[in-house]
There are 4 protein chains.
Amino acid sequence: MSSFKVRDPNRIGVAFIGVGRMGVTHVKTLAGIPNIRMVVVADHGRDRAERGRAVAKAERAVTSSEEAILDPAVEAVVISTQTNTHAGLIEMAIDAGKAVWSEKPIALDLTETQRIVELVASTGIPVQLGFMRRFDPGYEAAKARIDSGAVGRIEMFRALSRDTYPPGLEFLKTSGGVFLDMAVHDLDLARFLVGEVDEVQSWGTVLIDDRFAQADDSDTAVTMLRFRNGALGVVETSRRSTWGYDIRTEVAGSTGKVVIEAPQKTSMVFSRDFGFEADHFENFPDRFEVAYRRELEVFFEALVDGRTPSPGPADALETLRLALACTRSWREGRPVRVAEVTS
Amino acid sequence: MSSFKVRDPNRIGVAFIGVGRMGVTHVKTLAGIPNIRMVVVADHGRDRAERGRAVAKAERAVTSSEEAILDPAVEAVVISTQTNTHAGLIEMAIDAGKAVWSEKPIALDLTETQRIVELVASTGIPVQLGFMRRFDPGYEAAKARIDSGAVGRIEMFRALSRDTYPPGLEFLKTSGGVFLDMAVHDLDLARFLVGEVDEVQSWGTVLIDDRFAQADDSDTAVTMLRFRNGALGVVETSRRSTWGYDIRTEVAGSTGKVVIEAPQKTSMVFSRDFGFEADHFENFPDRFEVAYRRELEVFFEALVDGRTPSPGPADALETLRLALACTRSWREGRPVRVAEVTS
Amino acid sequence: MSSFKVRDPNRIGVAFIGVGRMGVTHVKTLAGIPNIRMVVVADHGRDRAERGRAVAKAERAVTSSEEAILDPAVEAVVISTQTNTHAGLIEMAIDAGKAVWSEKPIALDLTETQRIVELVASTGIPVQLGFMRRFDPGYEAAKARIDSGAVGRIEMFRALSRDTYPPGLEFLKTSGGVFLDMAVHDLDLARFLVGEVDEVQSWGTVLIDDRFAQADDSDTAVTMLRFRNGALGVVETSRRSTWGYDIRTEVAGSTGKVVIEAPQKTSMVFSRDFGFEADHFENFPDRFEVAYRRELEVFFEALVDGRTPSPGPADALETLRLALACTRSWREGRPVRVAEVTS
Amino acid sequence: MSSFKVRDPNRIGVAFIGVGRMGVTHVKTLAGIPNIRMVVVADHGRDRAERGRAVAKAERAVTSSEEAILDPAVEAVVISTQTNTHAGLIEMAIDAGKAVWSEKPIALDLTETQRIVELVASTGIPVQLGFMRRFDPGYEAAKARIDSGAVGRIEMFRALSRDTYPPGLEFLKTSGGVFLDMAVHDLDLARFLVGEVDEVQSWGTVLIDDRFAQADDSDTAVTMLRFRNGALGVVETSRRSTWGYDIRTEVAGSTGKVVIEAPQKTSMVFSRDFGFEADHFENFPDRFEVAYRRELEVFFEALVDGRTPSPGPADALETLRLALACTRSWREGRPVRVAEVTS
């Protein structure tokens, strides 16, 4: 229903903002998307902006996000900046009538997120958030099986995520905590694959690093979910894995089960000494390499086709509410209904 | 510390009681154990007793459990009867100075179980309970890795069990409920692999069959565990699986992770139509075939060596207490400390 | 077609001959088969005979094979002696009207094997040979898929076998060579799964141990097969594997492919240090544990049902001919038609 | 040793020639390589040239390969045209002093290939051929294990390749046959992973489609290899697979074995009805997606670093010789020494 329309579907003008670690991955992806024109890359750091421009093969580099967004040749803005700037940049882009792809989350609080949801609803500007796992071919295949009815009535959900490297203390203090910063990916998958959640109960603890205690956070957590459709679920979350990036998701129903877990990083198995070994993925950039590419390709396909891109702000809002419910449950030591989280 | 001693380690006299479905499996195993002499097989049903005798190649068949236990040639009694008879038969055997291997549980209530624990402690009679998963080579290998220190400090436990076929209503009413009858295997593994549990929280629901509601029971349940050593855990329990017997256990620590899950029933993979397929195990008899054999072999090895067989009544007691805590948590909708379950 | 008939299907009298390493496995299996009566165990060594008797729970132990075979209570003879005694013992048993299960091969030369084939044909005595792989559940499942038509027209066969430990020099000298002693299992599978072979070409070499050269044998060999039905095949054979018993078989056709390879010995996978590891089977006793049990169970089922047991002497003869063709091809450095091997 | 030097390592001028199916994949890859400047895309078809230009975001499109190669801004030429044009275009580029990346083969005959080898040797111009499998992370990992010594002395090599879709008759007639057109990838891997081959024997047949017989070609073939270092090998080649692109390579040595086979296309496994299923890769574009990207990235890295890119013409020559030896062996029904193939 968007009034947004690209001028030339073979040459959509794009601004990119935020050349951090993931930003470099994103601009490389953008360089390979045929029907876009990389107009400008912005970063507060001049060197980073310039590096982004080179990789993106963009026309220019600037240090002002505003300048990039307002460039008349720009029709779509791709945001990969720090979390606390997302909402402001998204709003600026919407106000300028530019489509937006932004890293999740919109914000760490409901009010600001709600404001963006309403802005998008009233303007019809296309906005997509970076829940990349939805675009991993494994999760896409799982979703297709579920939607086809092959799994039957869903009875149980299970998600496990272990990040490879624990974040630093400075980041921890502004991260929103383990549920908003990390479990949020699994909570989004719960909503994507099973449906809305009614009630949660979370337990958290500090086993890995005392910095998590200093940040009033957990590094190891478990959560139970009760879905509106009656299914139950569990989520396991850990901030560190010495054996690599450890992601596994399971959805079981009355007639079938889907399990998503990348079996091994390369296609090589080494046998020796009465056994064999193979490698795990190291971290999200290698495990979700395809998903990071697909989520951007799909965004531009939606712009060309005039479809509302997904997942959008409303999804981000409900997933945030769910993560806040987990946080509250953990802090207050009680089950929390998701609907009671209104701020 | 047992005063029990076998007369001839090459010819231990054995009585077998209870020729049900698992009983036939057990007598077949016993027939293949070299250093025992199958003296007598008992079952209330004359035909079943006789069939058991034939398979066991035992000397005689009787319809009285007492007669079998008290036979002077019998040194060890193997019990595979209905749950509500276990405690009585174990007690009778202990009183007669006979070693006991019995299907779990001793009983569904703490008091009776506690009584057997004390009886064993005071008499020194060897008693082993049928928690067969401990003898599956996969779980044995996992335990060895954990004990070797390769997993490091344990941080998380996860167990999933889905039985293939839901039980009938009559059985349900006397089963003790999903936690005592089914999750108990995973709770025993939690104690075996990680250690004692401090607190639990369980949610249950009825999604599979309304008979579970009639029996005031759940068919689908999730549980969170907090271990004394600080680790967290989740247990998923389902009474029905249309894709086969679905058992998976994971223990993650600071330096490694063990996962126990039987990859496929046979060694054959069939490729066709851009994909491949293989078979799952159907049910516990095929998945745990080796474990059902090993648990009995190990019992007789312990008798010969004069070692206390394990797991014994004290293990059965603590696992029962844990299952009762889960049941209470589910019924009362609150976290339950295991230590508060005293009756 | 056999005139042979068991007296009491619940109590077939059995003699066992040859208590070597595999013999102990066999008598343990026999002890657990319900409808047989272990009459006698024979071995030239008194101690071994006695040990076999104890494990088999047999009635008596003797040092004379002839005495065991001729025992009037014996209806079936199970032979697990050295290769060069098989034909003689089989003949003695047939002459005495006793059914026979014997380890393969009947003999290492065609003439003697042919003689037994004719003896069986003329007497109708049931004789089964120990090609155990046919009874592995994976191979049984593969055969069922092929017979169902799911694989379509067969186009290619591939078999790989690596024994864990190379045999000693003394054994090598009488083994018949790598094709008769080892590749024979894969050649039997080729016939079992695909059909008769028309032509072979084999290359062999010595890479592992110079003793193979001393024995005028190969330790590493590859073979190409051309089947009568037009399919092609390859067989790889190695006398030593430092990573465990390495067996893989593949049959590809116009609509599907079966692959038989046991994925891992136990159900445990250990993740650590950006990778994971699991164990291979060590050797044939653990890899084919079920097959060694099934091949004997199936033999007695056939006796009870009055069916001709399989694989019988005619299968052994054709598989031997194929192995001899490979040997000749290797020695003479040329392709060999199987039909030209007549002595 | 090359006198070739890029002008600006951050902006190597590139011409691309041949916008067929794989060509589109290649230009998409090139668009995402940061340090190159896509100067021109050429194809005899105006529309294809233009499409390639758009995807590559190149500066211009032309219909003349010569015009593209001779463009002064062009420093490197990427060739993805039909096989019979490779040698001519490579020569033209070398003469113009431009670095070359070309799809394999250089040519289907030794003389022409030899000529290019000599030209490269005398000019020092960097030339890389598109044996993409060497850049698959699985094969890279296997090579690393072998080079590290972990596999020990190599004893056996096995390669299986099944293409998904058989080619059309017109292509078949000019393809050079199954060994030059298809087995060549496995023969290159044999040389890459094990070393030079001394002798081959190949059998071929027609089982899939009579068009292969019309083209005097085989659709199903097996080959035995004898390596200079004493190792033996087998190669299985099939022109059609109904279950997807079927590629498996094994290298076994005295202390270990590497197996390269992509386990499944997506990370999703679906369990249902007492079994599970997952998907195979469909064809080379999805199976070797990363390799097709890496082979080009690595080429430009070599140009920037002043290293000779690999695999170069000398590799292409020896692999061609090996494929010709297989073809000759098949046609003449005899073992062929690779060294005897001189034209």
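Described below are features of the structure shown in this document. (Residues numbered from 1 in each chain as written. Chains lettered and ligands numbered in written order. Predicted model: local features only at pLDDT ≥ 70, side-chain atom pairs only at ≥ 80, totals over all residues.)

### Comments concerning the overall build of chain A
Part 1: What chain A contains, in helices and strands, is twelve helices and 15 strands.
Part 2: For 343 residues, the compact-globule formula gives about 20 Å, and the C-alpha radius of gyration of chain A, at 20 Å, lands near that figure.
Part 3: Considering only C-alpha atoms, chain A reaches an extent of 55 × 55 × 45 Å along its principal axes.
Part 4: Here chain A holds 343 residues, and the buried ones make up 59% of them.
Part 5: By sequence separation, contacts in chain A at least 24 residues apart represent 69% of the contacts at least 6 residues apart. (Helix = DSSP H or I, 4+ residues; strand = E, 2+ residues; numbered from the N terminus. Rg over C-alpha atoms; globule rule 2.2 N^0.38 Å. Buried ≥ 20, exposed ≤ 12 C-beta atoms within 10 Å, placed from the backbone. Contact = placed C-beta atoms within 7 Å.)

### Quick look at the packing of helix α4 (residues 86–95) of chain A against helix α5 (residues 110–123) of chain A
All names here are of chain A.
Part 1: Contact geometry of α4 with α5 gives a least axis separation of 11 Å together with a crossing angle of 15 degrees. Accordingly, the angle class assigned to the pair α4 and α5 is roughly parallel. The way α4 lies across α5 gives a crossing that is left-handed. Contacts between α4 and α5 involve Ala87, Ile90, Glu91 and Ile94 on the former and, on the latter, Glu112, Ile116, Leu119, Val120 and Thr123.
Part 2: Here the residues of the contact of α4 with α5 sort into six nonpolar, one polar and two charged. (Axes fitted to C-alpha atoms, helices over the stretch in contact; angles between N-to-C directions. Parallel < 35°, antiparallel > 145°, perpendicular 65-115°, else oblique. Left-handed = near helix turned anticlockwise from the far one by under 90°. Nonpolar A, V, L, I, M, F, W, Y, C, P; charged D, E, K, R; others polar.)

### Observations regarding the interface of chain B and chain D
Interface size is often expressed as the accessible area that is lost when the parts come together.
Part 1: Each partner contributes to the interface: chain B provides 14 residues, whereas chain D provides 14 residues.
Part 2: Looking at the side of chain B that touches chain D, the elements that each hand over two or more residues are β13 (268–272) and β14 (275–279) of chain B.
Part 3: In terms of residues, the side of chain B that touches chain D owes the most to one element, β14(B), which gives five residues.
Part 4: A per-class count over the side of chain B that touches chain D returns four nonpolar, five polar and five charged.
Part 5: Inspection of the sheet shows β14(B) paired to strand β14 (residues 275–279) of chain D by five bridges, in the antiparallel sense. Within β14(D), the residue paired with Asp279(B) across the bridge is Gly275(D). (Pairing = 2+ DSSP bridges.)

### A few points about the pairing of strand β7 (residues 154–162) of chain C
Residue and element names in this part refer to chain C.
Part 1: The element β7 is largely enclosed, with a buried count of nine among its nine residues.
Part 2: Looking at chain direction, β7 and strand β10 (residues 232–238) are connected through seven bridges and run parallel. What sits directly across from Met156, in β10, is Leu232.

### Topic: the packing of helix α1 (residues 21–31) of chain A against helix α11 (residues 289–305) of chain A
Helix-helix packing: each pair is described by the crossing angle between the helix axes and the interaxial distance.
All names here are of chain A.
Part 1: Where α1 meets α11, the axes come as close as 10 Å, and the angle between the chain directions of the two elements is 55 degrees. Put simply, α1 runs oblique to α11. At the point where α1 passes α11, the crossing takes the right-handed sense. Residues Thr25, His26, Thr29 and Leu30 of α1 form the contact with α11, whose participating residues are Tyr292, Arg293 and Leu296.
Part 2: Across the contact of α1 with α11, the residue classes break down as three nonpolar, three polar and one charged.

### Observations concerning helix α12 (residues 313–332) of chain B
Residue and element names in this part refer to chain B.
Part 1: Here α12 contains 20 residues, and its C-alpha end-to-end distance of 28 Å stays within 8% of the 28 Å for a straight helix at 1.5 Å per residue.
Part 2: Of all 20 residues making up α12, 14 are buried, and the element is well covered by its neighbours.
Part 3: Of the residues one or two after α12, Gly333 is the one with positive phi, at around 65 degrees. (Expected span 1.5 Å × (residues − 1).)

### Overview of the relation of the copies chain D and chain A
Part 1: Note on the copies: chain D fits chain A at an RMSD of 0.0 Å, the axial shift is 0.0 Å, and the rotation between them is 180 degrees. In symmetry terms, the pair is related by a two-fold rotation axis. Proximity to the rotation axis, assessed at the C-alpha, singles out Gly32(D) in chain D; its C-alpha lies 2.2 Å from the axis.
Part 2: A symmetric contact is evident, with 100% of the interface residues of chain D recurring at the interface of chain A. (Least-squares fit on C-alpha atoms with pLDDT ≥ 70 in both.)

### Here's the deal with the pairing of strand β2 (residues 36–42) of chain A
Residue and element names in this part refer to chain A.
Part 1: Among the seven residues that make up β2, six are buried, leaving the element largely enclosed by the rest of the structure.
Part 2: Here strand β1 (residues 12–17) pairs with β2 via six bridges, running parallel. Residue pairing in the sheet places Val14 in a bridge with Met38 of β2.
Part 3: The parallel pair β1 and β2 is bridged by α1, and the resulting crossover is right-handed.
Part 4: Note: β2 against strand β3 (residues 60–62), three bridges, orientation parallel. From the neighbouring strand, Val41 faces β3, where its bridge partner is Ala61.
Part 5: Once you follow β2 into helix α2 (residues 46–56) and on to β3, the crossover reads as right-handed. (Right-handed = clockwise from strand over helix to strand, strands pointing away.)

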